[in-house]
Amino acid sequence: MQLQIQDIHKSYGDNHVLRGLSLNVSSGQALGLLGRNGAGKTTLIRIIMNVFPADSGQILLDGKPFLRTSKTIGYLPEEKGLYADISLIRQLVYLGMLRGLTRDEAVRASDYWLDRLSMTGYREQNLETLSKGNQQKIQLIASLLTKPEIVILDEPFSGLDPVNVMMMREIVSDIVKEGRIVILSGHQMPFIEQVCQNIAILDNGVIDLAGDLVKIKQTYPRNTIEIRMEEEGQRLPAERTAEILRELMTTKGIRFEEVSVQNGRRVLVTLEEANDRGHLLDALAGSGLSVERFFVVEPTLEDIFLKKTGYTREDLAADERASQESLAEAPMTKKRRGGLFGSRKRGA
Amino acid sequence: MNRGAWTVTRFEVGNYLKKKSWIRTTIIVMVLIALLMSVPSIILLIKGDKDGDSKPIIIVTSKMAVVDHAGVLSDLSLFEQAYKDKAWSLEDGAELENLRARARKGDLYGILEIFPEKRVRLALSKESMTDSFTETLPHVVEQAINLNLLIKSGMSQPSIAQVMQPVSLELASLSATSDSKTIYHAYVQTYIVTFLLYMMIMLYGQFVAQSVAKEKGNRAMEILITSTKPLNLIVGKVIGTTLVALIQIALFFGTFALFFKINSAALQSIEFLYIALQMPFDTALLAILFFILGFVSFAFVFGALGSLVSRAEDVSTTIGALSFFFVIIFMASIFAMMNPSEFWVKVLSFLPLFSPMLLYVRISMTSVMWWEVLLGIGSQLITMVILAWISSKIYRLGVLMYGKPPKFREIIAMLKRDREQKNAVRAS
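Owing to the predicted nature of the structure, the values given are computational and were not obtained by experimental measurement.

About the criteria used
- Residues numbered from 1 in each chain as written.
- Chains lettered and ligands numbered in written order.
- Predicted model: local features only at pLDDT ≥ 70, side-chain atom pairs only at ≥ 80, totals over all residues.
- Heavy atoms only, no water.
- Helix = DSSP H or I, 4+ residues; strand = E, 2+ residues; numbered from the N terminus.
- Contact = heavy atoms within 4.5 Å.
- Areas by Shrake-Rupley, 256 points an atom, 1.4 Å probe, with all protein chains shown as cover.
- Lys, Arg positive; Asp, Glu negative; His and termini not counted.
- Charge placed at Lys NZ, Arg CZ, Asp CG, Glu CD.
- Buried < 20%, exposed > 50% of the residue type's maximum accessible area, 1.4 Å probe, protein only.
- Salt bridge = Lys/Arg side-chain N within 4 Å of Asp/Glu carboxyl O.
- 1 Å grid on protein atoms, 1.4 Å probe; cavity = no way out; pocket = protein on both sides within 12 Å on 5 of 7 lines; lining within 4 Å.
- Points joined across faces, edges and corners; volume = space filled by probe spheres on them.
- Nonpolar A, V, L, I, M, F, W, Y, C, P; charged D, E, K, R; others polar.
- Arc of directions from axis to C-beta.
- Buried area = accessible area lost by both parts, 1.4 Å probe.
- Polar contact = N/O pair within 3.5 Å; in protein donor to acceptor, adjacent residues only side chain to side chain.
- Domains from an automatic or database assignment.
- Pairing = 2+ DSSP bridges.
- Axes fitted to C-alpha atoms, helices over the stretch in contact; angles between N-to-C directions.
- Phe/Tyr/Trp six-rings, centres within 6.5 Å; stacked < 30°, edge-to-face > 60°.
- Parallel < 35°, antiparallel > 145°, perpendicular 65-115°, else oblique.
- Left-handed = near helix turned anticlockwise from the far one by under 90°.

What follows concerns the overall build of chain A. In terms of regular secondary structure, chain A is built from eleven helices and 14 strands. Taking the principal axes of its C-alpha atoms as reference, chain A extends roughly 85 × 45 × 45 Å. Contacts in chain A between residues at least 24 apart in sequence constitute 68% of all its contacts with a sequence separation of at least 6. Put simply, chain A shows about 16,100 Å² of open surface, and 46% of that area lies on carbon and sulfur atoms. Charge centroids of chain A, computed over 45 positive and 47 negative side chains, lie 8 Å from each other.

Below is the structure:
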């Protein structure tokens, strides 16, 4: 199966958010949709889900238009929330049935997933009694109940603690193995890098870069090397190592862009020519220094993203802060006395 | 109804029936009905314990003095029969000043003076707006004088009884469906049905709007509209709420009927209750039909309005105009009940949204041609379908809007834009 996104345009007033965006996603792949806040990730996903129409362009499944409300699709929206005052099993069965499952199927699927995410103990409890991470698990279950062929997860990692991120990663890997189409969006590059084979970077309303992450990484020059040295069984301090390396390369005539120290521990040498790696290794061998580690550092997804889009790490950090703040405002965990007679204003 | 809408309906009904506040309110009202229906029995029981008979209790609240200047009265028995809450005494004309002084002190309620040629003077210590006393008194005085004259003339007892026999007036309805019922019965029954419809639409209309707004507020909405058609969501919600309203009415009415049966002996004197239970079967069926038509039509509009606000708390501000419009319809039907045959009532009874109440008033209180009934129901049905369709469109666009509720003009512009956009997408 192939999901084809063709030449999508979308404007909000004068703001041209998507400008002829095209992308193909095939079964058995997880596609990480990357972009800064406001880049149009959620707009694109909502257009795929037909929450609102695109101004032009089309979304096809194997060349044909398709019904977004069918069992084929599972969707975790960016704005997360369900019924606070209704039991988990009741709302899961309801959502499953809305997407076309029979009651029995919906109950069985809900119980299977509750068990798999070790949530069976909360089955009869109301959503509002759960922690935020657990509430998000229920949302994830809701999107997977129908065994969808296409799973679209908008910002699945935001607001999750490390344990739940791991769990989310495992589930996504499993459903990818089952040969489904998975699209997930986010700006937390390390998570996405661990889950997705394919990435698409969304910037300025178009796909800036898309493809297999391993292949993309290979197109970047392999000229950065991490080096660690020791002396009499003790590791040399990073600053000292960097000093020695600068001296060595200058005297041996090896051209380098920079020698940098990351986090006060990692020493990274960026050569002008990747081919000079051998010369550097020879020089080190001949110098009598004790080398503990020498390996080529691949660019991370974040490096690639930043290089491609021209943003800085500070920009990404600002995005993360903004989404944390919006999560704090999200109504999901608020215990509001909603409902029938409770929230009705007097005299209204 | 398709499966999607049916799923929503069942979910909605379940939500209400599981909701503690709904259960609580329903039970409280049922208990209140039961108590109110039992009050006369309880009073009888207490009184019965005291003196062992079950005569209605009469409390004498005021004293009346009668001064017969003309000498035309033999006794005051007719006055005592007509006004059981007053103690009547025949006083001498010489005592008049004395009596006035007592009335001024409040010891006497009033003084009735009777002069020759049936002239009567009444002085009351205080006047009451609601009392029909002054209206009915001349009639009673006349009867008393006449009775005395007849006795003096030597007429036989049976003849006197015949002369004194009051005219009994029965108001008949011209409706073909039920000849026997009086206009008063129809009035009471129509009033109950109309008032119930009014109460239930006001209450549950707000519930529908709140329930939509709540799904927006808790952000479940995006999952819902990507899981099934918006039309299913709103139709399911409206039908579910209608069912719950009917269940509640059935519970209330069941309690009413049950406790009426239990307490029927004590409730004999309360005519109103008998009338309510004597509604003809066909009129009752029509009442349910009009109830559903009116309720569902309004519920759709309430649902659409609910989709325009972001939180359940903001609902009351958007539904204000609709509630006001609905009060106008209710007022119109109250006026229509007073003059159900007027031309304007006829016109409004075919007007969608007015017809559930006004056509019901006409059917219940006057004679209406069968085609008129069909026309009214038909126009309301078509309106209902149109409202459902428009509501689902507004709902579809409204549910993703957060922030300030839009103005009416903005909604129209929004619907237009959406249409143009869809056409453009289709054309490309």
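On to the overall build of chain B, then. The number of helices and strands found in chain B is 17 helices and four strands. Residues counted as buried form 46% of the 428 residues belonging to chain B. Summarising the internal contacts of chain B: among those between residues at least 6 apart in sequence, 73% fall at separations of at least 24. Carbon together with sulfur atoms contributes 65% to the accessible area of chain B, which is approximately 22,800 Å² in total.

Two side chains of opposite charge can pair, provided their charged atoms sit close to one another. Residues and elements named next belong to chain A. Taken as a whole and assessed by the stated rule, the structure comprises 31 salt bridges over all chains. In this structure, Asp55 and Lys10 form a salt bridge, with 3.9 Å as the shortest nitrogen-oxygen distance. Separated by 45 residues along the polypeptide, Asp55 in the loop between helix H1 (41–48) and strand E4 (56–61) and Lys10 in strand E1 (residues 2–12) bring together distant segments of the chain. A relative accessible area of 26% places Asp55 in the partly exposed class. Exposure remark for Lys10: the relative accessible area of 5% places this residue in the buried category. Between Asp111 and Arg123 there is a salt bridge; the shortest N-O distance is 2.7 Å. Remark: Arg123 occurs in the loop between helix H3 (103–116) and helix H4 (132–144) and Asp111 occurs in helix H3; sequence separation between them is twelve residues.

Our focus in this paragraph is the layout of surface pockets. Residues and elements named next belong to chain B. Looking at the second largest pocket, its volume works out to about 880 Å³. If you go around the second largest pocket, you meet 28 residues; those closest to its centre are Val29, Ile33, Ile192, Leu196 and Phe252. Taken together, the elements giving at least two residues each to the lining of the second largest pocket come down to helix H2 (20–51), helix H7 (183–217), helix H9 (230–262) and helix H10 (271–277). Per element, the largest residue contribution to the lining of the second largest pocket is ten residues, and it comes from H7. The residue inventory of the lining of the second largest pocket, partitioned by class, reads 26 nonpolar, two polar and no charged.

Moving on, we come to helix H4 (residues 96–105) of chain B. Every α-helix winds through 3.6 residues per turn, so residues three or four apart in the chain are directed the same way. Residues and elements named next belong to chain B. Among all positions of H4, only Leu96, Leu99 and Ala103 are buried. For H4, the angular spread of the buried residues around the axis is 60°, confining them to a single face. Seen from the buried face of H4, the exposed residues on the opposite side, beyond 90 degrees, are Glu97, Arg104 and Lys105. Residues of H4 that are buried sit in contact with strand E1 (62–68), strand E2 (86–91) and strand E3 (110–115). Immediately downstream of H4, the backbone of Gly106 shows phi near 95°, a positive value.

Here the focus is the interface of chain A and chain B. The interface is formed by 42 residues belonging to chain A together with 40 residues belonging to chain B. Summing both partners gives a buried area of about 3,900 Å² for chain A against chain B, and 57% of it is carried by carbon and sulfur. At the junction of chain A with chain B, the criterion picks out four salt bridges. Lys19 of chain B is the salt-bridge partner of Asp85 of chain A, the closest N and O atoms lying 3.7 Å from each other. On the surface where chain A and chain B come into contact, there are 13 residue pairs in polar contact (both at pLDDT 80 or more). Broken down by element, the side of chain A that touches chain B gets its largest block of residues, five residues, from helix H2 (residues 88–98) of chain A. Here the residues of the side of chain A that touches chain B sort into 20 nonpolar, nine polar and 13 charged.

One can read the domain layout of chain A as domain 1 (2–218 + 329–334) and domain 2 (224–297). Once you take the C-alpha centre of each, domain 1 of chain A and domain 2 of chain A turn out to be 44 Å apart.

Before going further, it helps to examine the domain arrangement of chain B. For chain B, the assigned domains are domain 1 (3–36 + 176–427) and domain 2 (62–159). The centre of domain 1 of chain B, based on its C-alpha atoms, is set 54 Å off from the matching centre of domain 2 of chain B.

Residue and element names in this part refer to chain A. Pairing is antiparallel in the open sheet, where three strands are placed in the order E2-E1-E4. Only two strands of the sheet have a single neighbouring strand rather than two, namely strand E2 (15–26) and E4. The sheet shows a mean angle of 15° between the axes of neighbouring strands, direction not considered.

Take the pairing of E2 of chain A next. Residue and element names in this part refer to chain A. When E1 meets E2, the two strands line up antiparallel, connected through nine bridges. Considered in E2, the bridge of Lys10 is made with Leu18. In textbook terms, the turn of a hairpin is the stretch between consecutive antiparallel strands, and for E1 and E2 this stretch comprises two residues, one of which, Gly13, has a positive phi near 65°.

Let us look at the sheet that holds E1 of chain B. All names here are of chain B. Pairing in this open sheet of four strands is mixed, and the strands run E2-E1-E3-E4 from one edge to the other. At either end of the open sheet lies a strand with only one pairing partner, and these are E2 and strand E4 (119–124). When the angles between neighbouring strand axes are averaged without regard to direction, this sheet yields 20°. Relative to E4, E3 is paired through six bridges, and the arrangement is antiparallel. Directly across from Ile114, in E4, lies its bridge partner Val120. Against the sheet, H4 engages E1, E2, E3 and E4, with an angle of about 150° to E3.

It is worth spelling out the packing of aromatic side chains at this point. In this description, a pair of aromatic rings is defined by centroid distance and the angle of the planes. Residues and elements named next belong to chain B. Summed over the entire model, instances satisfying the criterion amount to 25 aromatic pairs over all chains. Taking 5.9 Å as the distance between ring centres and 90° as the angle between the ring planes, the aromatic pair formed by Phe325 and Phe354 counts as edge-to-face. Of this pair, Phe325 sits in helix H13 (residues 320–338) while Phe354 sits in the loop between helix H14 (343–349) and helix H15 (355–365); the two residues are 29 residues apart in sequence, bridging distant segments of the chain. When its relative accessible area of 29% is taken as the criterion, Phe325 is described as partly exposed. The exposure class of Phe354 is buried, given its relative accessible area of 11%. Counting every residue linked through ring pairs, the aromatic cluster contains Tyr187, Tyr191, Phe195, Tyr198, Phe298, Phe326 and Phe330.

Now for unusual backbone geometry. At Glu232 of chain A, a position not held by glycine, the phi torsion is positive, near 50°. Here Glu232 of chain A lies in the loop between strand E10 (224–231) and strand E11 (234–235). In this model, Arg219 of chain B sits at a positive phi of 65°, which is unusual for a non-glycine residue. Along the chain, Arg219 of chain B falls in the loop between H7 and helix H8 (221–225).

What follows deals with the environment of Leu60 of chain A. Residues and elements named next belong to chain A. Considering the arrangement of structural elements, one finds Leu60 in strand E4. Spatially, the C-alpha atom of Leu60 lies 28 Å from that of Phe305, the residues being 245 residues apart in sequence. Among residues more than four places away in sequence, those in contact with Leu60 are Gln2, Leu3, Gln4, Gln6, Pro65 and Phe66.

This part takes up the packing of H2 of chain A against helix H1 (residues 3–18) of chain B. Put simply, H2 of chain A and H1 of chain B touch, their axes get as near as 9 Å, and they point 165° apart. Comparing their axes, H1 of chain B and H2 of chain A come out roughly antiparallel. In terms of crossing hand, the pair formed by H2 of chain A and H1 of chain B is left-handed. Taken together, the residues of H1 of chain B that come into contact with H2 of chain A (itself represented by Arg90, Tyr94, Met97 and Leu98 of chain A) are Arg3, Gly4, Thr7, Val8, Arg10, Phe11, Gly14, Asn15 and Lys18 of chain B. Classifying every residue of the contact of H2 of chain A with H1 of chain B by side-chain character gives five nonpolar, four polar and four charged.

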